[in-house]
Amino acid sequence: MTVCRSSRLRGTESFEAVASALFAPLRVTHPDPKGFEATVGHTAVGPMVVARVRATPAVVTRDNRSITSSDVEWMHFNLHHHGSLTAVQADRTTTVRPGELFACDGTRPYRLIGADASDMTVLCVPRASLGRYANSIGRRTALPLPGAGGIGGLLSHALSAVSEDFPCRDVSRTHVADALTALLLAAFADTAPEGAPVVSDLVDRIRAYALAHLGDSRLTAEQVARRHRISVRHLHVLFRGNDLTFAAWVRHERLLRIRRDLLDPASCDVSTAAIAARWGVHDPKHLGRALKHEFGETVSDLRRR
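Described in the following lines is the structure provided in the data block. Throughout this document, residue positions are counted from 1 along each chain, in the order its sequence is written. Predicted model: local features are reported for residues with pLDDT of at least 70 only, side-chain atom pairs are reported and counted for 80 or more only, and whole-chain, interface and lining totals are derived from all residues. Calculated side-chain values reflect all of the structure's heavy atoms, with hydrogen atoms and water omitted.

### Quick notes on the sheet that holds strand E2 (residues 27-29)
- Paired strands, as defined in this entry, are two strands with at least two bridges between them according to DSSP. Under the DSSP-based scheme used, a helix requires at least four consecutive residues in state H or I and a strand at least two consecutive residues in state E, with every element numbered from the N terminus. Strand order in the open sheet formed by 5 strands is E2-E5-E10-E7-E8, with antiparallel pairing between adjacent strands. The sheet terminates laterally at E2 and strand E8 (92-96), the two strands that pair on one side only. Taking the axes of each pair of neighbouring strands and ignoring which way they run, one obtains an average angle of 15 degrees across the sheet.
- Both strand E7 (residues 85-89) and strand E10 (residues 110-114) contribute to a ladder of 5 bridges, which runs antiparallel. Within E10, the residue paired with Val-88 across the bridge is Arg-111. Axis definition: a line fitted to C-alpha atoms, limited for helices to the stretch in contact. Angles are taken between N-to-C directions and run from 0 to 180 degrees.

### Some remarks on the pattern of salt bridges
- A pair is scored as a salt bridge if a Lys or Arg side-chain nitrogen falls within 4 Å of a carboxyl oxygen belonging to Asp or Glu. Applying the stated rule across the entire model yields 16 salt bridges.
- Linking Arg-27 and Asp-63 is a salt bridge whose minimum nitrogen-to-oxygen distance equals 2.7 Å. Of this pair, Arg-27 sits in strand E2 while Asp-63 sits in the loop between strand E5 (58-62) and strand E6 (74-82), and the two are 36 residues apart along the sequence.
- When accessible area is computed with a 1.4 Å probe and restricted to protein chains, residues below 20% of their type maximum are described as buried, those above 50% as exposed, and intermediate ones as partly exposed. Classification of Arg-27 by relative accessible area gives partly exposed; the value is 32%.
- Residue class for Asp-63 comes out buried when judged on its relative accessible area of 14%.
- Between Arg-54 and Asp-119 there is a salt bridge; the shortest N-O distance is 3.6 Å. Separated by 65 residues along the polypeptide, Arg-54 in strand E4 (residues 48-55) and Asp-119 in strand E11 (residues 118-126) bring together distant segments of the chain.

### Some thoughts on unusual backbone geometry
- Of note in the backbone geometry, Ala-90 takes a positive phi value of approximately 55 degrees without being a glycine.
- Relative to the elements of secondary structure, Ala-90 occurs in the loop between E7 and E8.
- Unusually for a residue other than glycine, Ala-142 sits at a positive phi of about 60 degrees.
- Structurally, Ala-142 can be placed in the loop between helix H2 (134-138) and strand E12 (145-146).

### Overview of the nonpolar core
- In terms of nonpolar packing, the biggest core is built from 28 residues, with Phe-15, Phe-23, Val-28, Phe-36, Phe-102 and Leu-112 touching the most fellow members.
- Residue assignment for this core shows that the elements contributing at least two residues are helix H1 (12-22), strand E3 (37-45), E4, E5, E7, strand E9 (100-105), E10 and E11.
- Contacts were defined at the residue level, with two residues in contact if any of their heavy atoms lie within 4.5 Å. Apart from residues lying up to four places away in sequence, Phe-23 is in contact with Ala-51, Val-53, Trp-74, His-76, Val-122 and Cys-124. Buried Ala, Val, Leu, Ile, Met, Phe, Trp, Tyr and Cys residues form a nonpolar core when they are joined through side-chain atoms within 4.5 Å.

### Examining the packing of helix H8 (residues 246-263) against helix H10 (residues 287-295)
- Contact geometry for H8 and H10: axes closest at 11 Å, N-to-C directions at 100 degrees. Classed by the angle they form, the pair H8 and H10 counts as roughly perpendicular. In contact with Arg-251, His-252, Leu-255, Leu-256, Ile-258, Arg-259 and Leu-262 of H8, H10 contributes Leu-287, Ala-290, Leu-291, Glu-294 and Phe-295.
- Amino acids are sorted into nonpolar (Ala, Val, Leu, Ile, Met, Phe, Trp, Tyr, Cys and Pro), charged (Asp, Glu, Lys and Arg) and polar (every other residue, Gly among them). Among the residues making up the contact of H8 with H10, the classes are represented as 8 nonpolar, 1 polar and 3 charged. Put simply, angles under 35 degrees are roughly parallel, angles over 145 are roughly antiparallel, angles from 65 to 115 are roughly perpendicular, and the rest are oblique.

### Here we look at the pairing of E7
- Within E7, 5 of the 5 residues are buried, which leaves it mostly tucked inside the rest of the structure.
- Note: E7 against E8, 5 bridges, orientation antiparallel. Along E8, the bridge assignment pairs Leu-85 with Val-96.
- Counting the residues in the hairpin turn of E7 and E8 gives 2 residues, including Ala-90, whose phi is positive at 55 degrees.

### Quick word on the environment of Thr-43
- For Thr-43, the position within the fold is in strand E3.
- Sequence spacing of Thr-43 and Leu-123 is 80 residues, and the spatial spacing of their C-alpha atoms is 9.9 Å.

This is how it looks when you write it as structure tokens:
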């Protein structure tokens, strides 16, 4: 169900709580923490979240201390409407002007430095929805894109319309999410327009769906084929040109996340069975052998690191 909410916030703590729940855990620094003010409105569009944030000057930081294995793997696309803003990620530092767009990878540290009151629309997109282009977009974060004319203009108009005029009711928004993703790929991905696949490409849809449902033990070739209205045979044909079959690919993605959580100090008190169940593996008896085969390390090896 789509939710449309708007909150008027006072103080950095209240803003941190709302922004961390909406985007990912982060910190806000302001000379007068109690005097900080912000208005945050957001709505869901399929798997995405669109937020409009108006705030007094502050520094927003997402650092290594804030990042945990349980965070949603968001990519943030920002349309800057007003104010002086500096975006920092990786080795890139950019002053963003009103009307420009820029991306931030929520799985890595970044800083947004607002020198005066700012107004921004933020589109939060699961990395899985961007398919194989997530990494190339990640190499272009904190780099401004003009929001006037061309693809940037179309994307800016679409984001403004969604954040301001989109009706807050329970309706199907799949096509809107697809259209936004298509504009994002055209604007940010390192591909020539003629080389970019149509966003509704079936394999990309299946991958995005599967990554979003890895924690569901009912995720099988039969269930995915039924969900996408194709036969199981067709599903296997689609994955025939890849290095892994569909089932092997799902298994690999689950093991990747189990390994990551086992290495995470924040999960040291969480049982291996609970971590495995989090990613749809409810029979952990052979987990050590699978991890050893996939990564050369057993559960014990990973827990000792």
